[in-house]
Amino acid sequence: MNKKIAVIPGDGIGPEVTNQSVKVLDAVAKRFGHQFDYRYAVMGAVAIDQTGNPLPDATVDTCLQSDAILFGAIGDPKYDNNPAASVRPEQGLLKLRKVLQLFANIRPIDTYKALQHMSPLKAKQLENVDFVIFRELTGGIYFGKKELQADGTVAVDECTYSVEEIERITKLAFEYAQKRRKKLTLVDKANVLETSRLWRKVVQQLSANYPDVSVDYMFVDNAAMQIILNPAQFDVVLTENMFGDIISDEASVLSGSLGLLPSASIGNTVALFEPIHGSYPQAAGKDIANPLGSILSAAMLLDHFGLQQEAMAVRKAVEWTLLNGFVSKDIDPVNNYSTTAIGDLVADHIDRNKDSDVGVNTSLNKSTII
Ligand SMILES: NC(=O)C1=CN([C@@H]2O[C@H](COP(=O)(O)OP(=O)(O)OC[C@H]3O[C@@H](n4cnc5c(N)ncnc54)[C@H](O)[C@@H]3O)[C@@H](O)[C@H]2O)C=CC1
Ligand SMILES: CC(C)CC(=O)C(=O)O
Ligand SMILES: [Mg+2]
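Residues numbered from 1 in each chain as written. Chains lettered and ligands numbered in written order. Predicted model: local features only at pLDDT ≥ 70, side-chain atom pairs only at ≥ 80, totals over all residues. Heavy atoms only, no water.

S.K.: Residues and numbers for the environment of Ala-47, please.
M.R.: Take Ala-47: it is sitting in helix α2 (residues 45–51). Distance from Ala-47 to Ala-341, taken between C-alpha atoms, is 28 Å for residues 294 residues apart in sequence. (Helix = DSSP H or I, 4+ residues; strand = E, 2+ residues; numbered from the N terminus.)

So this is what it looks like as structure tokens:
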């Protein structure tokens, strides 16, 4: 298979973790006889530094001319610590999501036996934890009108959702639930927010088309607690943009580290794959970041190409590194391996066709079909 992949490393640890994913994709291409052509593009602070624009037109063109996008992360303290900055790295990512109409961000939450000691939860509570967050990605408060009054004393962020925006991701989430344990939980704040009441109405109406899927509704404050107290109750979690952003970082604690979680953003054009974490600037250039969230995002990209066996080979190689203690500093502060070393180990495992060595984590041994 010949595929064109746009690669946007971004800022901070973005380039370091993305390099490992490209290495892993190269190992997949070599072992399975594919050709992946990478087209590099800039976004975020690095793009502002080079062009003055966090999302240059050339980057959008590169994405639109590719079969998939592999993205690292954006963000830089020089903008985070300057609230007055008018051009910001995040604007690049938000605009790319909007321009490419990537309205559904799919964030699987897996747990790993080898990492159970990392979780504040007891092993018993982690049993059967396997859920997927469907986060709406191109609407809501992140995209609403933003205003700071001229005298600087009042600020406004508007939150808007249309029926159409809610319907399109809700349909995807229901279809996904049908392929899983057939349960969908809408996380909202419908006791307070008008937008949340619209989400409930749309989900209630559409649920009639999916009679095999059971639906429940949970306020986001309760959901934040339930994710810790009883995470095994969730199958597909559907939620709006900001709530999904927040609860998915929270849910990463169940897995063991924010550095482990992958995601796929899909919509009406080319799909984008990125770890859920940010640019972790404190670790930039130190070769200590966990690359597995990015590498597992590359596995989701392979799923998207219909390359399930290849995606599985990546997941099994990841599982093998975890089982053998080849982990980064976030997992083991004492005995740890560098970002580069972990990327090498995963790629080498794929290259040597060692899949049969592993197969313990049942939730890993499945493709996330998207
Ligand atoms: N999709 C994106 O590009 C995102 C960008 N950001 C941006 O990233 C910058 C930093 O934001 P933060 O709130 O600090 O979030 P962050 O996700 O970059 O880091 C939060 C904490 O998570 C841990 N962590 C994150 N990624 C890790 C990895 N690969 N390996 C090991 N540990 C990891 C670290 O302890 C870190 O201090 C900001 O500029 C923010 O706007 C934040 C989230 C997503
Ligand atoms: C620009 C932010 C919305 C990025 C973020 O936190 C995320 O996508 O998870
Ligand atoms: Mg986030």
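S.K.: Break down the sheet that holds strand β9 (residues 214–219) for me, citing the residues and quoting the values.
M.R.: An order of β2-β1-β3-β12-β11-β4-β5-β10-β8-β9 is seen for the 10 strands of this open sheet, with the pairing classed as mixed. The sheet terminates laterally at β2 (35–40) and β9, the two strands that pair on one side only. In the sheet, strand β5 (residues 130–136) pairs with strand β10 (residues 236–239) via 4 bridges, with the strands oriented parallel. Among the inter-strand pairings, Ile-133 is bridged to a residue of β10, identified as Val-237. (Pairing = 2+ DSSP bridges.)

S.K.: Quick rundown of the pairing of β9? Include the residues and the values.
M.R.: Where strand β8 (residues 183–188) meets β9, 6 bridges bridge the pair, whose relative direction is parallel. In the sheet register, Asp-188 faces β9, and the bridge partner there is Phe-219. Handedness of the crossover is the feature at issue here: the chain leaves β8, passes through helix α8 (residues 194–207), returns alongside β9, and the resulting connection is right-handed. (Right-handed = clockwise from strand over helix to strand, strands pointing away.)

S.K.: How would you explain the site of ligand 1 if you had to name every residue and give the values?
M.R.: Taken together, 20 residues surround ligand 1, and among them Ile-74, Asp-80, Gly-278, Tyr-280 and Asn-290 come closest. In this structure, a nitrogen atom belonging to ligand 1 sits 2.9 Å away from a main-chain N or O atom of Asn-290. Protein coverage of the free-state accessible area of ligand 1, which is 810 Å², stands at 71%. Mapped onto the shell around ligand 1, the elements with two or more residues apiece are β3 (68–73) and α5 (89–99). For the shell around ligand 1, the residue count by class is 9 nonpolar, 6 polar and 5 charged. (Near = heavy atom within 4 Å. Polar contact = N/O pair within 3.5 Å; in protein donor to acceptor, adjacent residues only side chain to side chain. Areas by Shrake-Rupley, 256 points an atom, 1.4 Å probe, with all protein chains shown as cover. Nonpolar A, V, L, I, M, F, W, Y, C, P; charged D, E, K, R; others polar.)

S.K.: Summarise the site of ligand 2; cite the residues concerned and give the values.
M.R.: Neighbouring residues of ligand 2: Glu-90, Arg-97, Arg-107, Arg-135, Tyr-142, Asp-245 and Ile-276. Separating an oxygen atom of ligand 2 from a side-chain N or O atom of Arg-107 is a distance of 2.9 Å. In the model, an oxygen atom of ligand 2 is placed 3.0 Å from a nitrogen or oxygen of the Asp-245 side chain. Alone, ligand 2 offers 280 Å² of accessible surface; in the complex the protein occludes 77% of this. The two domains that each donate at least three residues to the shell around ligand 2 are domain 1 (1–103 + 260–370) and domain 2 (120–255). (Domains from an automatic or database assignment.)

S.K.: How would you sum up the environment of Lys-146? Please name residues and give values.
M.R.: Summarising the element assignment, Lys-146 is placed in strand β6 (residues 146–148). As for Lys-146 and Ala-85, which are separated by 61 residues in sequence, their C-alpha atoms are 14 Å apart. For Lys-146, the residues in contact, after removing those within four places along its chain, are Ile-141, Val-156 and Asp-157. A polar contact is formed between the side chain of Lys-146 and the backbone oxygen of Tyr-142, at a distance of 3.3 Å. (Contact = heavy atoms within 4.5 Å.)

S.K.: Could you give an account of the pattern of salt bridges, naming the residues involved and the relevant values?
M.R.: A full pass over the atoms with the stated rule returns 19 salt bridges. Two residues, Asp-216 and Lys-183, come together in a salt bridge whose shortest N-O distance is 3.8 Å. Taken together, the positions of Asp-216 in strand β9 and Lys-183 in strand β8 put the pair 33 residues apart, joining distant regions of the chain. For the salt bridge of Asp-221 with Lys-189, the shortest nitrogen-to-oxygen distance reads 2.7 Å. On the criterion of sequence distance, the pair formed by Asp-221 in helix α9 (residues 220–229) and Lys-189 in the loop between β8 and α8 is long-range, its members being 32 residues apart. Looking at Asp-221, the relative accessible area reads 46%, which means it is partly exposed. Members of the salt-bridge network, linked through shared partners, are Asp-130, Arg-180, Arg-181 and Asp-235. (Salt bridge = Lys/Arg side-chain N within 4 Å of Asp/Glu carboxyl O. Buried < 20%, exposed > 50% of the residue type's maximum accessible area, 1.4 Å probe, protein only.)

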